[in-house]
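For reference, the chains in residue letters:
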Amino acid sequence: MNPVITKIMQNAMFATGQTETILYNGVEVEALVEIGESENQFTPAFMRRNNSVAVADNSIFTVKAGDLAGAPKRGDTIEYHGQKYYVGGYDVFDTLSDSYVVKATRNERGYFNK
């Protein structure tokens with residue numbers, strides 16, 4: 001990729017004051033952070049009388065590839081505001097900005113409805 005385009009994209013994404021500091025495998029890096037929660041039901045809708053549900057805090061961290069020691073992989077950890085997230089891999093490698101969109105979870109829990 002053209003290094004001039006990469007620099008423009010990284011400046012637009014990471015130099016706008018929107019990044020936060022995280023620890024990726026113990027190393028401080030700047031990231032764009034999105035935090036949310038998901039709920040997955042494992043029983044078809046027509047059988048929802050008894051079902052199991054898994055809930056997790058899901059997050060997306062966008063980081064520069066150059067700030068990491070390699071591609072994000074399952075088992076990596078991210079610490080954000082004192083909370084530990086477990087990396088499940090990356091969704092996207094953006095070649096224009098030379099960055100990864102990393103998916104991670106924490107506080108996974110499940111329950112069974114009757």
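Look a little higher up for the structure.
Here goes a summary of the coordinates provided. Source: prediction; values computed, not measured.

## Focus: the packing of aromatic side chains
Here is step 1 of the chain: Applying the stated criterion across every chain yields a total of 4 aromatic pairs.
Here is step 2 of the chain: Each ring, one from Tyr-90 and one from Tyr-100, has its centre 4.8 Å from the other, and the planes form 65°; the classification is edge-to-face. Here Tyr-100 lies in strand β6 (residues 99–113) and Tyr-90 lies in strand β5 (residues 83–94), a separation of 10 residues in the sequence.
Here is step 3 of the chain: Residue classification places Tyr-90 among the partly exposed residues on the basis of a relative accessible area of 37%.
Here is step 4 of the chain: When its relative accessible area of 11% is taken as the criterion, Tyr-100 is described as buried.

## Here we look at the nonpolar core
Here is step 1 of the chain: Membership of the largest hydrophobic core comes to 16 residues, with the highest contact counts inside it found for Ile-22, Tyr-24, Phe-61, Val-63, Ile-78 and Val-102.
Here is step 2 of the chain: Elements with a minimum of two residues in this core: β1 (20–24), β2 (27–41), β3 (51–64), β4 (77–80), β5 and β6.

## Quick notes on the side chain of Arg-106
Here is step 1 of the chain: Its place among the elements puts Arg-106 in strand β6.
Here is step 2 of the chain: A distance of 2.6 Å separates a polar atom in the side chain of Arg-106 from a polar atom in the side chain of Asp-57.
Here is step 3 of the chain: At a separation of 2.5 Å, a polar atom in the side chain of Arg-106 contacts the side chain of Gln-83.
Here is step 4 of the chain: Discounting residues that sit within four places of it in the chain, Arg-106 has contacts with Ala-56, Asp-57, Gln-83, Lys-84 and Tyr-85.

Cut-off values and rules
- Residues numbered from 1 in each chain as written.
- Predicted model: local features only at pLDDT ≥ 70, side-chain atom pairs only at ≥ 80, totals over all residues.
- Heavy atoms only, no water.
- Phe/Tyr/Trp six-rings, centres within 6.5 Å; stacked < 30°, edge-to-face > 60°.
- Helix = DSSP H or I, 4+ residues; strand = E, 2+ residues; numbered from the N terminus.
- Buried < 20%, exposed > 50% of the residue type's maximum accessible area, 1.4 Å probe, protein only.
- Core = buried A, V, L, I, M, F, W, Y, C linked by side-chain atoms within 4.5 Å.
- Polar contact = N/O pair within 3.5 Å; in protein donor to acceptor, adjacent residues only side chain to side chain.
- Contact = heavy atoms within 4.5 Å.

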